[in-house]
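Chain by chain, the residues:
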Amino acid sequence: MKVRTRFAPSPTGYLHLGGLRTALYCYLYAKKNNGKFILRIEDTDQEREVEGAIQMIYDSLHAAGLHYDEGPDVGGDYGPYIQSERKDSYLPYAMELIEKGAAYPCFCTKEALAERREEATKRGETFRYDKLCSHISKEEAQRRMESGEPYVIRQNIPLEGSTSYEDVLYGKVEVPNNELDDNVLIKADGMPTYNFANVVDDHLMGITHVMRGTEYISSTPKYDLLYKALGWESPQYIHLPVVMKDATRKLSKRYGDPSFEDLLSMGYLKDAIVNFIALLGWSPGDNREFFTLDELVEAFSIEGLSKSPSIFNMEKLTWFNSEYIKKLSADEYYTLALPWFRQVFGNTKMDLRRLAELTHSRTEVFNRLPEMVAFLNELPNYEIELYTHKKMKTNSENSLQILQECLPLLSALDDFSEQTLHNALAAFITEKEYKNGLVYWPLRIAVCGQQNTPGGAIEMLYLLGKEESLRRIRDGIQRLSKEAI
RNA sequence: GCCUCCAUGGUCAAGCGGUUAAGACAUCGCCCUCUCAAGGCGGUAUCACGGGUUCGAGUCCCGUUGGAGGUACCA
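Residues numbered from 1 in each chain as written. Chains lettered and ligands numbered in written order. Predicted model: local features only at pLDDT ≥ 70, side-chain atom pairs only at ≥ 80, totals over all residues. Heavy atoms only, no water.

S.K.: Can you walk me through the pattern of salt bridges in this structure?
M.R.: For the structure shown, the criterion picks out 30 salt bridges. The closest approach of N and O atoms between R471 and E468, which form a salt bridge, is 3.0 Å. Of this pair, R471 and E468 both sit in helix α18 (residues 457-484), separated by three residues, roughly a single helical turn. Taking the shortest distance from any N to any O, the salt bridge between E468 and R472 comes out at 2.7 Å. Placement of both E468 and R472 in helix α18 is noted, with a separation of four residues, approximately one turn of the helix. A relative accessible area of 0% places R472 in the buried class. (Salt bridge = Lys/Arg side-chain N within 4 Å of Asp/Glu carboxyl O. Helix = DSSP H or I, 4+ residues; strand = E, 2+ residues; numbered from the N terminus. Buried < 20%, exposed > 50% of the residue type's maximum accessible area, 1.4 Å probe, protein only.)

S.K.: Could you clarify how one ought to interpret the confidence of the model for chain A in this entry?
M.R.: Where the model shows low pLDDT, its predicted coordinates should not be examined in detail. Mean pLDDT over chain A works out to 96, with 99% of the residues at or above the 70 mark. In the model output, the complex is listed with pTM 0.96 alongside ipTM 0.96. (pLDDT = per-residue confidence, 0-100.)

S.K.: What is the right way to look at the side chain of E70 in this model?
M.R.: Here E70 lies in the loop between α2 (53-64) and α3 (91-99). A polar contact of 2.9 Å, which involves the side chain of E70, links it to the side chain of R4. Dropping the residues within four chain positions of it, E70 is found in contact with R4, K36, F37, I38, L39, G75, G76, D77, Y78 and Y81. (Polar contact = N/O pair within 3.5 Å; in protein donor to acceptor, adjacent residues only side chain to side chain. Contact = heavy atoms within 4.5 Å.)

S.K.: Which parts of the structure should I look at to understand the packing of helix α15 (residues 396-411) against helix α16 (residues 418-432)?
M.R.: Angle between the axes and distance between the axes: these two values describe a pair of packed helices. At a closest axis distance of 11 Å, the pairing of α15 and α16 adopts a crossing angle of 140°. In this view, α15 runs oblique relative to α16, as classed from their interaxial angle. Once α15 is placed against α16, the crossing between them reads as right-handed. For the pair α15 and α16, the contacting residues are E405, C406, L409 and L410 in the first and L421, A424, L425, F428 and K432 in the second. (Axes fitted to C-alpha atoms, helices over the stretch in contact; angles between N-to-C directions. Parallel < 35°, antiparallel > 145°, perpendicular 65-115°, else oblique. Left-handed = near helix turned anticlockwise from the far one by under 90°.)

S.K.: Any chance you could explain the sheet that holds strand β4 (residues 152-155) here in plain terms?
M.R.: Within a sheet, each strand pairs with its neighbour through backbone hydrogen bonds, oriented either parallel or antiparallel. Overall, antiparallel pairing links the three strands, which are arranged β3-β4-β7 in an open sheet. Where the open sheet ends on each side, the last strands, each with one partner, are β3 (103-106) and β7 (184-186). Across the sheet, the mean angle separating the axes of adjacent strands is 45° when strand polarity is ignored. Bridge analysis of β3 against β4 gives four bridges, and the strand direction is antiparallel. Across the sheet, residue A103 finds its bridge partner in β4, namely Q155. (Pairing = 2+ DSSP bridges.)

S.K.: How should I be thinking about the protein's contact with RNA strand B in this particular structure?
M.R.: Contacts to RNA strand B come from 65 residues, most closely from T44, T126, G281, N287 and R362. Considering RNA strand B, the proportion of its atoms within 4 Å of the protein that are sugar or phosphate atoms stands at 69%. At a separation of 3.0 Å, a sugar or linking oxygen of RNA strand B approaches a polar side-chain atom of S10. Contributions of two or more residues to the surface near RNA strand B are made by α4 (110-122), β4, β6 (171-176), β11 (310-311), α11 (314-327), α17 (436-448) and α18. (Near = heavy atom within 4 Å.)

S.K.: What am I meant to see in the packing of aromatic side chains here?
M.R.: By convention here, two paired aromatic rings are described through the distance between centres and the angle between planes. Enumeration over the complete set of coordinates arrives at 20 aromatic pairs. Within the aromatic cluster, the residues linked to one another by ring pairs are F276, F290, F312, W319, F320 and Y324. Stacked on the ring of F290, the Lys or Arg K327 has its end atom at 4.1 Å from the ring centre. Across from the ring centre of Y324, 5.9 Å away, lies the NZ or CZ of K327, which sits over that ring. (Phe/Tyr/Trp six-rings, centres within 6.5 Å; stacked < 30°, edge-to-face > 60°. Lys NZ or Arg CZ within 6 Å of the ring centre and 35° of its normal.)

S.K.: Sorry if this is basic, but what is going on with the nonpolar core here?
M.R.: What tends to happen in soluble globular proteins is that the nonpolar side chains get buried as a cluster. If you look at the biggest cluster of nonpolar residues, it comprises 113 residues, and the most contacted ones within it are L66, F312, L376, L410 and L443. Each residue touching L410, except ones within four places of it in the same chain, is listed here: F416, L421, L425, L443, K466, L470 and I473. Core analysis: the next-biggest nonpolar cluster, separate from the first, contains 42 residues, Y129, Y194, V199 and I207 among them. (Core = buried A, V, L, I, M, F, W, Y, C linked by side-chain atoms within 4.5 Å.)

S.K.: I keep staring at the state of the cysteines and nothing clicks. Help me out?
M.R.: Where two cysteines share a covalent bond between their sulfur atoms, that bond is called a disulfide. Taken as a whole and judged by the stated rule, the model has zero disulfides. Counting only cysteine sulfurs, C108 is the nearest neighbor of C133, a cysteine outside any disulfide, at a range of 3.6 Å. (Disulfide = S-S within 2.5 Å.)

S.K.: Explanation requested: the environment of Q46 in the structure shown.
M.R.: Assignment of secondary structure puts Q46 in the loop between β2 (36-39) and α2. The exposure class assigned to Q46 is partly exposed, which follows from its relative accessible area of 44%. What Q46 contacts, discounting residues up to four positions off in sequence, is S84 and M191.

S.K.: Looking at this structure, I do not really get α4. What am I missing?
M.R.: Since the α-helix turns once every 3.6 residues, residues separated by three or four places project in the same direction. Compared with an ideal rise of 1.5 Å per residue, which puts 13 residues at 18 Å, α4 spans 18 Å between its outermost C-alpha atoms and is within 8% of the ideal. Of the positions making up α4, those classed as buried are L113, R116 and A120. Projected down its long axis, α4 carries its buried residues within an arc of 70°, all on one side. Away from its buried face by more than 90 degrees, α4 exposes K110, E111, E115, E118, T121 and K122. Buried residues in α4 make contact with β4. Once α4 ends, the next one or two residues include G124, with phi positive near 80°. (Expected span 1.5 Å × (residues − 1). Arc of directions from axis to C-beta.)

As structure tokens, this is what we get:
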């Protein structure tokens, strides 16, 4: 049988990382088995639907490279792929269930239910629907349904025994029937609930493997009961552990955790994110950790999936990102870095290509770039203590002397190419019998105004150019002279 | 509370009855070096606890503890 998996998000906001991972695994499993990966939008709760969320799902999936074979915006033979557009296809199956005694219409009002629920809670009990309406005779039920009285259709769960199914990952999952509620299948507005729509659609769309989060692990017996009542073959169930923010909280926007889109706009590379996410809860079994999407398809297997929740480790993602950045060609890196440089410099005659070469191996995430290079645009107001460095054997006095000696030397240079600067300074150092650090340290501090810079004194002098460099050196001399008085 | 599931370093994790318990991130140290990175080398750190089963348990079973998920006319 041809494998068909589906990713079925509800359009309630951005695509969070747990969702992205579920989509990834669905995609990988389908592709690994030469099957189809399908996108279905579960918008049966119109109240919760967020404007633009469907588009965001399309965009995120495409951005991640998870191209689906069938879906609302790409078509397919099993459409429509948006549940609200399938509204009419659910009721007949619900009627069939009523006919078979596996469901019944319920006329209890929300208010009455809330009241009974409250009472049960007061007694310290978990409220489950008391099957009140299941005792109404078929004839009366029929009459009331036709009279226009509002009603829902509930699943009729057996009172005794237990229901189990075989999860591919977790093995046998068994739940006592008295723990299972007679859930609403069709709401008063005629729209199905998730509980019903997912079963009907998975069957109608020929889904062979249902991969979804573990939040459904203990309600799946109910769904399985529905398959059986309808005489349908159950799919394979593969529940996936949740992605956590830390040991006790799951990843969520509420705590300010980034979505996939957020990460992209921060300057994380999608390949790095996908690679990292794939390894969160799945292991190839060997020590390999760098994978393209195609390589993931090749390596993926259910056996490598983990059963316990895993914590989303931002530091490791960042490490992956810096590794992916290092793999970029100089041109690719430059293209990606340029907008971030522009934030700082606007239009500049500075050699940004050279700057990019220098920042390339120092970039972990692109959004850290502006801060890294801001000093080139404007000299920070720094403390002269920076001139003092034990290992370089520098202090305010000898730094002042070095700067004063370098000023005429650099002023005399025709051009400020790195080669010229290097030759001149090397000759100067040899002639004076100085140590490299004694000269380069004060120069770099004067010209950069901060301790750490993406490159050495020569590179920084070159980037700043002659005029600005000399200005900054004079500024340094002034700061140090003031101190000397 | 009840039900279901899970449990190897700080984090991701390999391990499928016999291992010196891999590897990666993080962390620490050293080398390189005009700073910071990058790169190279090395160190610290894990089987939650208690009972079984077995010649032998991180691996199997039971319990405890801890954690997660569920408990809606949400998905």
